[in-house]
Amino acid sequence: EPEVTQTPSHQVTQMGQEVILRCVPISNHLYFYWYRQILGQKVEFLVSFYNNEISEKSEIFDDQFSVERPDGSNFTLKIRSTKLEDSAMYFCATEVSGQGTQYFGPGTRLLVL
Amino acid sequence: AQSVTQLDSQVPVFEEAPVELRCNYSSSVSVYLFWYVQYPNQGLQLLLKYLSGSTLVKGINGFEAEFNKSQTSFHLRKPSVHISDTAEYFCAVRKGQNGNKLVFGAGTILRVKS
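Thresholds, definitions, all that
Residues numbered from 1 in each chain as written. Chains lettered and ligands numbered in written order. Predicted model: local features only at pLDDT ≥ 70, side-chain atom pairs only at ≥ 80, totals over all residues. Heavy atoms only, no water. Helix = DSSP H or I, 4+ residues; strand = E, 2+ residues; numbered from the N terminus. Rg over C-alpha atoms; globule rule 2.2 N^0.38 Å. Buried < 20%, exposed > 50% of the residue type's maximum accessible area, 1.4 Å probe, protein only. Contact = heavy atoms within 4.5 Å. Lys, Arg positive; Asp, Glu negative; His and termini not counted. Charge placed at Lys NZ, Arg CZ, Asp CG, Glu CD. Pairing = 2+ DSSP bridges. Buried area = accessible area lost by both parts, 1.4 Å probe. Salt bridge = Lys/Arg side-chain N within 4 Å of Asp/Glu carboxyl O. Polar contact = N/O pair within 3.5 Å; in protein donor to acceptor, adjacent residues only side chain to side chain. Disulfide = S-S within 2.5 Å.

*Asks:* I tried to follow the overall build of chain A on my own but got confused; where do I start?
*Replies:* In terms of helices and strands, chain A carries zero helices and 11 strands. Of the regular secondary structure in chain A, the N- to C-terminal order runs β-β-β-β-β-β-β-β-β-β-β. Whereas a compact globule of 113 residues would reach a radius of gyration of roughly 13 Å, chain A reaches 13 Å, a difference of no more than 12%. Its C-alpha atoms give chain A principal-axis dimensions of roughly 40 × 25 × 25 Å. Sorting the 113 residues of chain A into buried and exposed places 47% on the buried side. In chain A, 53% of the contacts between residues at least 6 apart in sequence involve partners at least 24 apart. Within chain A, the 14 negative side-chain charges are centred at a point lying 4 Å from the centre of the 9 positive side-chain charges.

*Asks:* How should I be thinking about the pairing of strand β9 (residues 88-95) of chain A in this particular structure?
*Replies:* Side-chain positions along a regular strand alternate between the two faces of the sheet. Residues and elements named next belong to chain A. Counting buried positions along β9 gives eight out of eight residues, so the element sits mostly inside the fold. Examined bridge by bridge, strand β4 (residues 31-37) and β9 share seven bridges and lie antiparallel to one another. Within the sheet, the bridge partner assigned to W34 lies in β9 and is C92. With three bridges connecting them, β9 and strand β11 (residues 108-112) associate as antiparallel partners. Across the sheet, M89 pairs through a bridge with R109, a residue of β11. Here β9 pairs with strand β10 (residues 103-104) via two bridges, running antiparallel. Each residue of the ladder has a partner; that of A93, found in β10, is F104.

*Asks:* Before we go on, may I ask you to explain the interface of chain B and chain A in this structure?
*Replies:* Where interface size is given, it is often the accessible area lost as the parts come together that is meant. The partner chain A presents 21 residues to the 21 residues of chain B that form the contact. Together chain B and chain A conceal approximately 1700 Å² of surface at their shared face, both sides included; 50% is due to carbon and sulfur atoms. In this structure, B:K101 and A:E56 form a salt bridge, with 3.2 Å as the shortest nitrogen-oxygen distance. Counting the contacts that link chain B with chain A gives eight residue pairs in polar contact (both at pLDDT 80 or more).

*Asks:* It is not clear to me how the state of the cysteines should be interpreted in this structure. Could you clarify?
*Replies:* Disulfide: a covalent bond formed between the sulfur atoms of two cysteine residues. In the structure shown here, the tally under the stated rule is two disulfides over all chains. Disulfide pairing is shown between A:C23 and A:C92; the S-S distance is 2.0 Å. Between A:C23 and A:C92 the sulfur-sulfur dihedral comes to about -60°; the bridge is accordingly left-handed. Of this pair, A:C23 sits in strand β3 (residues 19-24) while A:C92 sits in strand β9; the two residues are 69 residues apart in sequence, bridging distant segments of the chain. For the pair shown, A:C23 and A:C92 are each scored as buried. Disulfide pairing is shown between B:C23 and B:C91; the S-S distance is 2.0 Å. Here B:C23 and B:C91 share a disulfide; its torsion about the S-S bond, -65°, makes the bridge left-handed. Of this pair, B:C23 sits in the loop between β3 (19-21) and β4 (24-26) while B:C91 sits in strand β10 (residues 87-95), and the two are 68 residues apart along the sequence. The pair formed by B:C23 and B:C91 is uniform in burial state, with each residue classed as buried.

*Asks:* Any chance you could explain unusual backbone geometry here in plain terms?
*Replies:* With the exception of glycine, the majority of residues adopt a negative phi angle, and the majority of peptide bonds are in the trans configuration. Residues A:T7 and A:P8 are joined by a peptide bond in cis, for which omega reads -10°. Mapped onto the fold, A:P8 is located in the loop between β1 (5-7) and β2 (10-13). Look at A:N51: it is not a glycine, yet its phi comes out positive at around 55°. Within the secondary structure, A:N51 sits in the loop between β5 (43-50) and β6 (53-57). With relative accessibility at 59%, the residue A:N51 sits in the exposed group. Positive phi values are uncommon outside glycine, yet B:T72 reaches one of about 45°. Among the secondary structure elements, B:T72 is positioned in the loop between β8 (64-68) and β9 (73-78).

Here is the structure:
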């Protein structure tokens, strides 16, 4: 069964550094999302992406965040200058048109020191 | 805007006992409802979903949920739990299908004891 994959599984970085989180969607999926889960808190929506542009973004998704599909397959989330409060599990989710179900990757655990 | 309330943060239960995890939502528009499960150190796996049709939906691992529009609830049930059901369960809501974000509840940790 096809799966959403994410790399890396864990990343430790220093405050102020840039990080790029990568997601490989299921091949025929057209809608892409990033969510995050701070330890002990609920899963929060960050951004949705369709047809090579952002469809919706949350208040969390400020100018420090960006998303793109650099090569038509990977879907990336970049944090330009990480803060301590960016430490969280980041989940990618993808969806095929018409099914109504978002499929989640295993997540990337980001720790900002 | 949509919101989801999961009334119980933790539910301890003995193996082979029935369980119900509660979920209530609020929305001014029609919504679609989902339950996801998160096993320790893993991602989110879809258990079941309600998009339309029969209000009783069956999912994987013997779970089922009933959509109750008048009570704005979507409670998850299983008649007999196993140790392997120990996990965190998230209720989520979205308006429409494609392209719309999921709004999650805070999660309920199900602890199954032998």
